[in-house]
Amino acid sequence: KSLAIVGCPFSGGQPRPGVDQGPIHLIQAGLPSQLEELGWKVQFDGHHQFEDIAKFITSDPDIGKLKNPRVVSKVCEAVAKSVGSHAKQGVLPVTLGGDHSLAMGTISGTLEQYPDACVVWIDAHADINTAETTDTGNIHGMPVSFLLGLGQPIPEFAWIKPQLKPNKIVYIGLRDVDAGEKKILRENGIKAFSMHEVDKHGIGKVVELALDHVNPKRDLPIHLSFDVDALDPTVAPSTGTPVRGGLTFREGHYICEAIYETGCLVALDIMEVNPSLAKEEEVRQTVAVGCSLARSALGETLL
Ligand SMILES: N[C@@H](CCCCC(O)O)C(=O)O
Ligand SMILES: [Mn+2]
Ligand SMILES: [Mn+2]
Ligand SMILES: [Mn+2]
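The structure presented is a predicted model; accordingly, all values stated were derived computationally and were not measured.

Asks: How should the site of ligand 1 be read in this particular structure?
Replies: The immediate surroundings of ligand 1 are formed by 13 residues, with Asp127, Thr136, Asp178, Asp227 and Asp229 found nearest. Within the side chain of Asp229, an N or O atom sits 3.0 Å from an oxygen atom of ligand 1. Here ligand 1, which alone exposes 350 Å², has 93% of that area covered by the protein.

Right, here's the structure in full:
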């Protein structure tokens, strides 16, 4: 079994510098050899991929409120090609962010190869704002709306085919959802297990209910997109949009272990590790949790 680490040193979907250094920190913490130890054949194309794209885009004025729209779109298009080509060769892409706008690329790539794939989105945020509903214009708060084809089409993002259907995505960990996003979730009947449901049912039941919704026979490919800010800030402090009241260390790892156990995982994103936002020990802790989440999603067990 082979996997390819797709390092995406990209921060254009949000304003805080440093998240582009996420990949190199995860690599330098030893992730490739940790995954080899789990029995994976590991390909790694380097941690400077996609960096040259921004150089060719000399002017990138806002489109409405959207910031860095052309760079975000072009980088995600390149990521989609990279993830898609690995998937085509039966290699499991492990994308290291970088901000969560990159999921427009990773999930597009997955759906190219696995049109029937479902998406499990672990996040404090719904990342489903449209150009009409976003307050910040930060595109890391919008990837899901593009993948679903919601909102007014934007020519610069025309490459994104609206292949994702509302009943093929499920959220776990939500606790900071904008008013516009709540409306979109309701109107589209999108299933979301917030931290309230995690408290109520426990993580085991929530994962079971989430998978029952998007993958009832456990026979569909799963794309797991994990934003480390889904975890409580005491667990993953060095991230751009921390929100209190998040998943415990174990709850985060349980999700990854349970997804691996389905045998359906075809793609993994570990996003929003920003190694420049906290003290050294907290950065180390956040990077280490990114590595251990990846290991748990890729077969590491406690016994
Ligand atoms: N909903 C906020 C925050 C988005 C956070 C994006 C990512 O960290 O999940 C926005 O639209 O700017
Ligand atoms: Mn370097
Ligand atoms: Mn996110
Ligand atoms: Mn988030």
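Asks: In this structure, what is going on with the coordination of the manganese ion (ligand 4)? I would like to understand it.
Replies: Coordination of the manganese ion (ligand 4) by the protein involves Asp123 (OD), His125 (ND1), Asp227 (OD), Asp229 (OD) and Asp229 (OD), with metal-donor separations of 2.1 to 2.4 Å. Counting residues between consecutive donors of the manganese ion (ligand 4) along the chain gives the motif D-x1-H-x101-D-x1-D. Here the manganese ion (ligand 3) and the manganese ion (ligand 4) are spaced 3.3 Å from one another, each receiving a donor from Asp123. Of this pair, His125 sits in the loop between β4 (118-122) and α6 (143-148) while Asp229 sits in the loop between β7 (222-227) and α10 (249-262), and the two are 104 residues apart along the sequence. Residue His125 shares its accessibility class with Asp229, and that shared class is buried.

Asks: Hey, could you run me through the sheet that holds strand β6 (residues 191-194) in this one?
Replies: Pairing between sheet strands relies on hydrogen bonds along the backbone, with the strands arranged either parallel or antiparallel. Pairing in this open sheet of 8 strands is parallel, and the strands run β2-β1-β3-β8-β7-β4-β5-β6 from one edge to the other. Both edges of this open sheet fall to β2 (41-44) and β6, since each of them pairs with a single strand only. Here the strands of the sheet are splayed against their neighbours by 15° on average, with no regard to which way each runs. Bridge analysis of strand β1 (residues 2-7) against β2 gives 4 bridges, and the strand direction is parallel. Note that in β2 the partner of Leu3 across the bridge is Val42. In the packing of helix α9 (residues 203-214) onto the sheet, the strands contacted are β4, β5 (169-174), β6 and β7, and the crossing angle to β5 comes to about 160°.

Asks: Just checking my understanding: could you explain the nonpolar core for this structure?
Replies: Formed by 51 residues in total, the largest nonpolar core has its most connected members in Leu3, Ile122, Ile172, Leu224, Leu247 and Leu298. Setting aside anything within four residues of it in sequence, one finds Leu224 in contact with Val120, Ile122, Cys256, Ile259, Leu265, Ala267, Leu268, Asp269 and Ala297. In this structure, Cys8, Phe10, Val119 and Phe146 belong to the second largest nonpolar core, which totals 43 residues.

Asks: Would you explain the coordination of the manganese ion (ligand 3) in this entry?
Replies: Reference geometry at the metal: tetrahedral coordination by four donors gives ideal angles of 109.5 degrees; octahedral coordination by six donors gives 90 or 180 degrees. Summarising the metal site, the manganese ion (ligand 3) is bound by the protein donors His100 (ND1), Asp123 (OD), Asp127 (OD) and Asp227 (OD), whose distances to it range over 2.1 to 2.2 Å. Between the donor residues of the manganese ion (ligand 3), the gaps in sequence give the motif H-x22-D-x3-D-x99-D. According to the relative accessible area criterion, His100 is buried, its value standing at 0%.

Asks: When you look at α9 in this model, what are you seeing that I'm missing?
Replies: Residues lying three or four places apart along an α-helix face the same way, a consequence of the helix completing one turn every 3.6 residues. Between the first and last C-alpha of α9 there are 17 Å, a value that for 12 residues agrees with the 16 Å anticipated at 1.5 Å per step. Residues of α9 that are buried include every one of Ile203, Val206, Val207, Ala210, Leu211 and Val214, and no others. Seen end-on, α9 carries its buried residues on one side only, within an arc spanning 125°. If you follow the buried residues of α9, they end up packed against β4, β5, β6, α8 (195-201), β7 and α10.

Asks: Would you explain the pattern of salt bridges in this entry?
Replies: In a structure, side chains of opposite charge can pair up when their charged atoms sit close to one another. Enumeration according to the criterion identifies 11 salt bridges in this entry. We note a salt bridge from Lys205 to Glu208, for which the minimum N-O separation is 3.7 Å. Here Lys205 pairs with Glu208, and both are found in helix α9, just 3 residues apart, close to one helical turn. Across the salt bridge formed by Glu300 and Arg295, the nearest N and O atoms sit 2.9 Å from each other.

Asks: Is there a simple way to explain the packing of aromatic side chains in this structure?
Replies: Each aromatic ring pair is specified by the distance between its two centres and by the angle formed by the two planes. Summed over the entire model, instances satisfying the criterion amount to 2 aromatic pairs. With a centroid separation of 4.5 Å and 25° between ring planes, the pair formed by Phe146 and Phe157 is classed as stacked. One end of the pair, Phe146, is in helix α6; the other, Phe157, is in the loop between α6 and β5, and 11 residues separate them in sequence. When its relative accessible area of 3% is taken as the criterion, Phe157 is described as buried.

Asks: Is there a simple way to explain the packing of α10 against helix α11 (residues 280-297) in this structure?
Replies: Two packed helices can be described by the angle between their axes and the distance between those axes. Two elements in contact, α10 and α11, have axes whose closest approach is 7 Å; the angle formed by their N-to-C orientations is 30°. The orientation of α10 with respect to α11, classified from their angle, is roughly parallel. Judged by residue contacts, Phe249, Gly252, His253, Cys256, Glu257 and Tyr260 of α10 engage Val289, Ser292, Leu293, Ser296 and Ala297 from α11. Residues that form the contact of α10 with α11 fall into these classes: 6 nonpolar, 4 polar and 1 charged.

Calculation rules
- Residues numbered from 1 in each chain as written.
- Chains lettered and ligands numbered in written order.
- Predicted model: local features only at pLDDT ≥ 70, side-chain atom pairs only at ≥ 80, totals over all residues.
- Heavy atoms only, no water.
- Near = heavy atom within 4 Å.
- Polar contact = N/O pair within 3.5 Å; in protein donor to acceptor, adjacent residues only side chain to side chain.
- Areas by Shrake-Rupley, 256 points an atom, 1.4 Å probe, with all protein chains shown as cover.
- Donors = N, O, S within 2.8 Å, 3.2 Å for Na, K, Ca; no water.
- Helix = DSSP H or I, 4+ residues; strand = E, 2+ residues; numbered from the N terminus.
- Buried < 20%, exposed > 50% of the residue type's maximum accessible area, 1.4 Å probe, protein only.
- Pairing = 2+ DSSP bridges.
- Axes fitted to C-alpha atoms, helices over the stretch in contact; angles between N-to-C directions.
- Contact = heavy atoms within 4.5 Å.
- Core = buried A, V, L, I, M, F, W, Y, C linked by side-chain atoms within 4.5 Å.
- Expected span 1.5 Å × (residues − 1).
- Arc of directions from axis to C-beta.
- Salt bridge = Lys/Arg side-chain N within 4 Å of Asp/Glu carboxyl O.
- Phe/Tyr/Trp six-rings, centres within 6.5 Å; stacked < 30°, edge-to-face > 60°.
- Parallel < 35°, antiparallel > 145°, perpendicular 65-115°, else oblique.
- Nonpolar A, V, L, I, M, F, W, Y, C, P; charged D, E, K, R; others polar.

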